[in-house]
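Each chain is listed here by its residues.
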Amino acid sequence: MAHDDNLYDCYKPPAQEFVRGEGAYLYTENGDKYLDFIAGISVNCLGHGNPITVNALKEQADKVWHVSGMFQLTGAKQLAKKYCDALPFAEKVFFTNSGAEAIECAMKTARKYHYDNGNPQRYEIITFQGAFHGRTFATINAGGNPKYLKGFGPNLPGFVHLPFGDHDALKEAISDKTAAILVEPVQGEGGLRPLPEVCLRSLRELCDEEGILLIYDEVQCGASRTGKLFAHQWAENAEPDIMAVAKGVGGGFPMGACIATKAAAAGMVPGTHGSTYGGNPLAMAVGNAVFDEISKPEFLQHVVKVSNFLKQQFESLKDEFPDVVDELRGKGLLCGMKLKKPALDVRKMALEHGLLGGSAGDNTLRLAPALIITEDHVREAVGILRKCFKEAQSLDDFEG
Ligand SMILES: *Cc1c(COP(=O)(O)O)cnc(C)c1O
């Protein structure tokens, strides 16, 4: 089935094709309706077909599509200012088309900072087990997942991978070669694992003591998904030097950004970096519209309220199905459950019952709905999951 077209076979999509979307729902050609609780993997934060983003894109489409960074990009300047006004550390922004590119820019920025400060030997980037930072050469090496590295030649030097949450290992690994620590405040791909707020704070302290840079990957957990504009804002005094964002900040239009302090970005002068489409007017029109919406206090309050309701509902599901649900995971609307039955099978069952979900590492069912969902959508999803969990009881236990 996967071999009847000319696409690379890197994905194995189910037969359903979605031709129309509205809010939290997707529809097939013959009108079958699916409740979308994955939103293009944490992307369509305002739901499908939201007039706010649709109109922003259409209006810009009539003006100018593309000129590149070699000319003035007003939309990019506006959005950069919004990020910098909203985030105390933020002073400089580089726009990209994707999350991996935002991470690439973040890592280049960190190495250049040390190079320019007389420490060219500081090029190592420390990351943690379960990390995911993208699929380019540098980002698979940063992530360190052997499954993603295998077959693609020798590993790149300059990356150090440590166990998740092992402070002693971290202290030991830091040397005069360390440039930066790169971490997701909430691991997405790795199994929806939030880093405790106290850990974020101690990472910040450690980086200050050692003179190294702290980089957050908020590609998946940012854009108001946890109920704060960016997930690290739940922790006090834990701001990064550099942060990569993408996915939700574009609401479904491909865009990302690397956001940095002035000091960290000082070396990124003409000739050091570039991107043909970075700051593209269409992307910036959508990015500005998304930001204006997701940064409203009442929008963030809604995310907190609906995600608390979802958590309660998931807790009762866990009580009801102790032989299926192992552990609740995540933060806000980047959430899921570690299962005792194969998560991939449960995800397939959900699809058959009209619920779109995802899966992640550690045998977790991953859910990342649009942030505009209501309690009714949560009840509907929970109703479907209840059916799936009943069916899943007869499956063999998951064997890691
Ligand atoms: C998706 C993701 C990326 C990569 O983003 P792309 O847009 O697919 O390149 C990087 N980091 C995290 C945490 C992600 O979830």
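Rules behind the numbers
- Residues numbered from 1 in each chain as written.
- Predicted model: local features only at pLDDT ≥ 70, side-chain atom pairs only at ≥ 80, totals over all residues.
- Heavy atoms only, no water.
- Domains from an automatic or database assignment.
- Contact = heavy atoms within 4.5 Å.
- Buried area = accessible area lost by both parts, 1.4 Å probe.
- Salt bridge = Lys/Arg side-chain N within 4 Å of Asp/Glu carboxyl O.
- Polar contact = N/O pair within 3.5 Å; in protein donor to acceptor, adjacent residues only side chain to side chain.
- Helix = DSSP H or I, 4+ residues; strand = E, 2+ residues; numbered from the N terminus.
- Pairing = 2+ DSSP bridges.
- Core = buried A, V, L, I, M, F, W, Y, C linked by side-chain atoms within 4.5 Å.
- Buried < 20%, exposed > 50% of the residue type's maximum accessible area, 1.4 Å probe, protein only.
- Axes fitted to C-alpha atoms, helices over the stretch in contact; angles between N-to-C directions.
- Parallel < 35°, antiparallel > 145°, perpendicular 65-115°, else oblique.
- Left-handed = near helix turned anticlockwise from the far one by under 90°.
- Nonpolar A, V, L, I, M, F, W, Y, C, P; charged D, E, K, R; others polar.
- Near = heavy atom within 4 Å.
- Areas by Shrake-Rupley, 256 points an atom, 1.4 Å probe, with all protein chains shown as cover.
- Phe/Tyr/Trp six-rings, centres within 6.5 Å; stacked < 30°, edge-to-face > 60°.
- Lys NZ or Arg CZ within 6 Å of the ring centre and 35° of its normal.

What follows deals with the domain arrangement of the protein chain. Per the domain assignment, the segments of the protein chain are domain 1 (53-294) and domain 2 (297-400). If you average the C-alpha positions of domain 1 and of domain 2, the two centres end up 28 Å apart. Tallying the contact residues gives 21 residues for domain 1 and 22 residues for domain 2. With both chains or domains summed, domain 1 and domain 2 bury close to 1,700 Å², and 63% of this area falls on carbon and sulfur atoms. Applying the counting criterion to the domain 1 and domain 2 interface returns 2 salt bridges. Our count for the domain 1 to domain 2 interface comes out at 8 residue pairs in polar contact (both at pLDDT 80 or more). When residues of the side of domain 1 that touches domain 2 are traced back to their parent elements, those giving at least two are strand S9 (193-194) and helix H10 (281-294).

Before going further, it helps to examine the sheet that holds strand S3 (residues 33-36). To summarise the sheet geometry, strands pair through backbone hydrogen bonds and adopt either a parallel or an antiparallel arrangement. Read from one edge of the open sheet, 4 strands run S1-S2-S3-S15, paired in mixed fashion. The sheet is open, and its two edges are formed by strand S1 (18-22) and strand S15 (355-356), each paired on a single side. Strand direction decides the pairing type here: S1 and strand S2 (residues 25-28), joined by 4 bridges, are antiparallel. When the bridges of S2 are listed, Glu-22 appears paired with Tyr-25.

Attention shifts here to the nonpolar core. Ile-181 and Phe-389 are the most contacted members of the largest nonpolar core, which has 82 residues in total. For this core, the leading source of residues is helix H13 (residues 375-392), giving 8 residues. With sequence-adjacent residues up to four places away left out, Ile-181 is seen in contact with Ile-126, Phe-128, Leu-170, Ile-174, Leu-203, Cys-207, Ile-212, Leu-213, Leu-214 and Ile-215.

Packed helix pairs are characterised by how far apart their axes lie and by the angle those axes make with each other. Following both chains from N to C, one finds helix H11 (residues 297-320) and H13 inclined at 20°, their axes separated by 10 Å at the closest point. One element, H11, and the other, H13, form an angle in the roughly parallel class. You can see that H11 and H13 cross each other, and the crossing is right-handed. Residues Lys-305, Val-306, Phe-309, Leu-310, Gln-313, Phe-314, Leu-317 and Glu-320 of H11 form the contact with H13, whose own contacting residues are Glu-375, Val-378, Arg-379, Val-382, Leu-385, Arg-386 and Phe-389. Taken together, the residues that form the contact of H11 with H13 break down as 9 nonpolar, 1 polar and 5 charged.

Turning next to the packing of helix H2 (residues 51-61) against H10. In contact at an axis separation of 9 Å, H2 and H10 are set at 150° when each is read in the N-to-C sense. On the basis of their axis angle, the class for H2 and H10 is roughly antiparallel. H2 and H10 meet at a crossing whose hand is right-handed. Facing H2, whose interface residues are Ile-52, Thr-53, Ala-56, Leu-57, Gln-60 and Ala-61, H10 presents Pro-281, Leu-282, Ala-285, Val-286, Ala-289, Val-290 and Glu-293. The residue makeup of the contact of H2 with H10, split by class, is 10 nonpolar, 2 polar and 1 charged.

All right, on to the site of the ligand then. Taken together, the residues surrounding the ligand are Ser-98, Gly-99, Ala-100, Phe-132, His-133, Gly-134, Glu-184, Asp-217, Val-219, Gln-220 and Lys-247. Taking Gly-99, its main chain carries an N or O atom lying 2.8 Å from an oxygen atom of the ligand. Here Phe-132 contributes a backbone N or O atom positioned 3.3 Å from a nitrogen atom of the ligand. For the ligand, whose accessible area on its own is 380 Å², the fraction buried by protein is 82%. Grouping the constituent residues of the shell around the ligand by class yields 3 nonpolar, 5 polar and 3 charged.

Every second residue of strand S11 (residues 242-245) is oriented toward a common face, with Ile-242 and Ala-244 on one face and Met-243 and Val-245 on the other, all of them buried. Judged from the 4 bridges that link them, S11 and strand S12 (residues 256-260) form a sheet pairing that is antiparallel. Bridged to Val-245 within S12 is Ala-257.

Turning to the pattern of salt bridges, a few remarks are in order. Under the definition given, this model contains 17 salt bridges. When the shortest N-O distance is used, the salt bridge between Lys-331 and Glu-197 registers 3.2 Å. Here Glu-197 lies in helix H8 (residues 197-210) and Lys-331 lies in strand S13 (residues 325-331), a separation of 134 residues in the sequence. Judged by relative accessible area, which is 32%, Glu-197 ranks as partly exposed.

Moving on, we get to the packing of aromatic side chains. Using the criterion set out here, one finds 5 aromatic pairs in the structure. Aromatic side chains Tyr-83 and Phe-291 sit 5.7 Å apart centroid to centroid with 65° between the ring planes, which places their arrangement in the edge-to-face category. Taken together, the residues span a long stretch of sequence, with Tyr-83 in helix H3 (residues 74-86) and Phe-291 in helix H10 at a distance of 208 residues. There is no split in this pair, since Tyr-83 and Phe-291 are both buried. A connected cluster of aromatic rings, assembled from ring pairs, spans Tyr-83, Phe-95 and Phe-291. For Arg-111, the ring lying beneath its charged end belongs to Phe-159, and the centroid distance is 5.6 Å. Sitting over the ring of Tyr-148, Arg-135 keeps its end group 3.7 Å from the ring centre.

So, on to the side chain of His-48. Take His-48: it is sitting in the loop between helix H1 (39-42) and H2. Looking at His-48, the relative accessible area reads 16%, which means it is buried. Beyond its immediate stretch of four places on either side in the chain, His-48 contacts Gly-21, Glu-22, Gly-23, Tyr-25, Leu-26 and Asp-36.

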